[in-house]
Amino acid sequence: MLRFLAPALFLVGTGMAFAQTSGIPPEELTNTRRQAGDAINVCVDATGQSRAFDLDVARAIGDALFLQVNPIEGFGGFPVNGDGFIDELTLAMNNTCDLFMGVSVSTEAQVSEAFSITRPYVTIPFVLAVANPDWQKLADIPLDQRLGTAMASIGEMTYITWAQQRAKSERWIRLPYADPNLMATRVLDGTIAGMILWQPALAKLQQERTEAQTLRIIGTDPVAETAIRVGALVSSRNSFLRNQVDQAIDALTEDGTIDALLEKHHYMGHAGE
């Protein structure tokens, strides 16, 4: 299990944290900057919950900069502990990608020299979803009930931090799930009382499963609310592009474009930080 307070890069499509380590041989890295002309290569996690939204934001950024966006896929399928992710990401940012959409980095994070981080283009919360129509907040759920949490996610970390400060009799039993679809099934059949997961994951479930539309979002108190600020990675060799992307994000935040994309994808949250 990863140390929760260590600097880490979060791939928000899964909510998982990955340590900043890399063992890439130098000969695998390209040392020349790509000449993209009027196009940029945009990479996304193929298995990410917010993949379609992130690509829409990337296209909006491209439109604002008069650049053609070339989506590059193929990332994803990494184990929960993140083995191999940082190496693959570092190679991609150095050799292939101009932008990698859909990441959140803590303020203390130390990232690879191959990339830098844009300002956030959106902030989206973790939510608590239940099937019981009578509960309005977490505190309404009896303590003998069990909760599901998205494994290795920031939402799970927040719950664990809160629970560690409580006596065993004053907290809910937590069951971590790597598969949000299975976790939703367990809420619907009553095995667990509710589930803490990133809201786009819930939106995707409710779009794909009719029965999941009965799930309701309720307050997380007494546990603090958790949200992820989502940004993109830019090749560190292209500071000009990084500045242009930041300016585009500001413009798309101010003119309502990103908020409109949130509404289109049925996401909670808001544009920018």
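Report follows, based on the coordinates. Please read all numbers here as calculations on a predicted model, not as lab measurements.

Attention now moves to the pairing of strand E12 (residues 227-235). Burial analysis of E12 places 7 of its 9 residues in the buried class, which makes it a mostly covered element. Alignment of strand E6 (residues 115-117) against E12, held across 3 bridges, turns out to be antiparallel. Its bridge partner being in E12, Ser116 is matched across the sheet by Val234. Inspection of the sheet shows strand E7 (residues 122-130) paired to E12 by 4 bridges, in the antiparallel sense. Note that in E12 the partner of Pro125 across the bridge is Ala227.

This paragraph deals with empty space enclosed by the protein. Applying the stated rule across the entire model yields 3 cavities of 30 Å³ or more. Considering the residues around the largest cavity, the lining is formed by Phe126, Gly155, Thr158, Tyr159, Ile196, Thr220, Val223, Ala224, Glu225 and Thr226. If one sorts the elements of the lining of the largest cavity by residue count, helix H3 (residues 154-163) sits on top with 3 residues.

At a minimum axis separation of 10 Å, helix H1 (residues 51-64) and helix H7 (residues 257-264) run at an interaxial angle of 155 degrees. On the basis of their axis angle, the class for H1 and H7 is roughly antiparallel. Seen along the crossing, H1 lies across H7 with a hand that is right-handed. Of H7, the residues touching H1 (which contributes Phe53, Asp56, Val57 and Ala60) are Thr257, Ile258, Leu261, Leu262 and Lys264.

Further remarks concern the packing of aromatic side chains. Tallying each qualifying case throughout the model produces 3 aromatic pairs. Look at Phe53 and Tyr267: their rings are 5.3 Å apart centre to centre, the planes differ by 55 degrees, and that puts the pair in the tilted class. With Phe53 in helix H1 and Tyr267 in the loop between H7 and strand E13 (270-271), this residue pair connects regions lying 214 residues apart in the sequence. By relative accessible area, which is 13% here, Tyr267 ends up buried. Taking the centre distance of 5.7 Å and the plane angle of 40 degrees together, the rings of Tyr159 and Trp162 count as tilted. Taken together, the residues Tyr159 and Trp162, both in helix H3 and 3 residues apart, mark about one turn of the helix. Just as Tyr159 is buried, Trp162 falls in that class too. Each residue in the set Tyr159, Trp162 and Trp172 is aromatic and connected to the rest through ring pairs, giving one cluster.

How each quantity is defined
- Residues numbered from 1 in each chain as written.
- Predicted model: local features only at pLDDT ≥ 70, side-chain atom pairs only at ≥ 80, totals over all residues.
- Heavy atoms only, no water.
- Buried < 20%, exposed > 50% of the residue type's maximum accessible area, 1.4 Å probe, protein only.
- Helix = DSSP H or I, 4+ residues; strand = E, 2+ residues; numbered from the N terminus.
- Pairing = 2+ DSSP bridges.
- 1 Å grid on protein atoms, 1.4 Å probe; cavity = no way out; pocket = protein on both sides within 12 Å on 5 of 7 lines; lining within 4 Å.
- Points joined across faces, edges and corners; volume = space filled by probe spheres on them.
- Axes fitted to C-alpha atoms, helices over the stretch in contact; angles between N-to-C directions.
- Parallel < 35°, antiparallel > 145°, perpendicular 65-115°, else oblique.
- Left-handed = near helix turned anticlockwise from the far one by under 90°.
- Contact = heavy atoms within 4.5 Å.
- Phe/Tyr/Trp six-rings, centres within 6.5 Å; stacked < 30°, edge-to-face > 60°.

Keep in mind that these numbers describe shape and distance, not what the molecule does.
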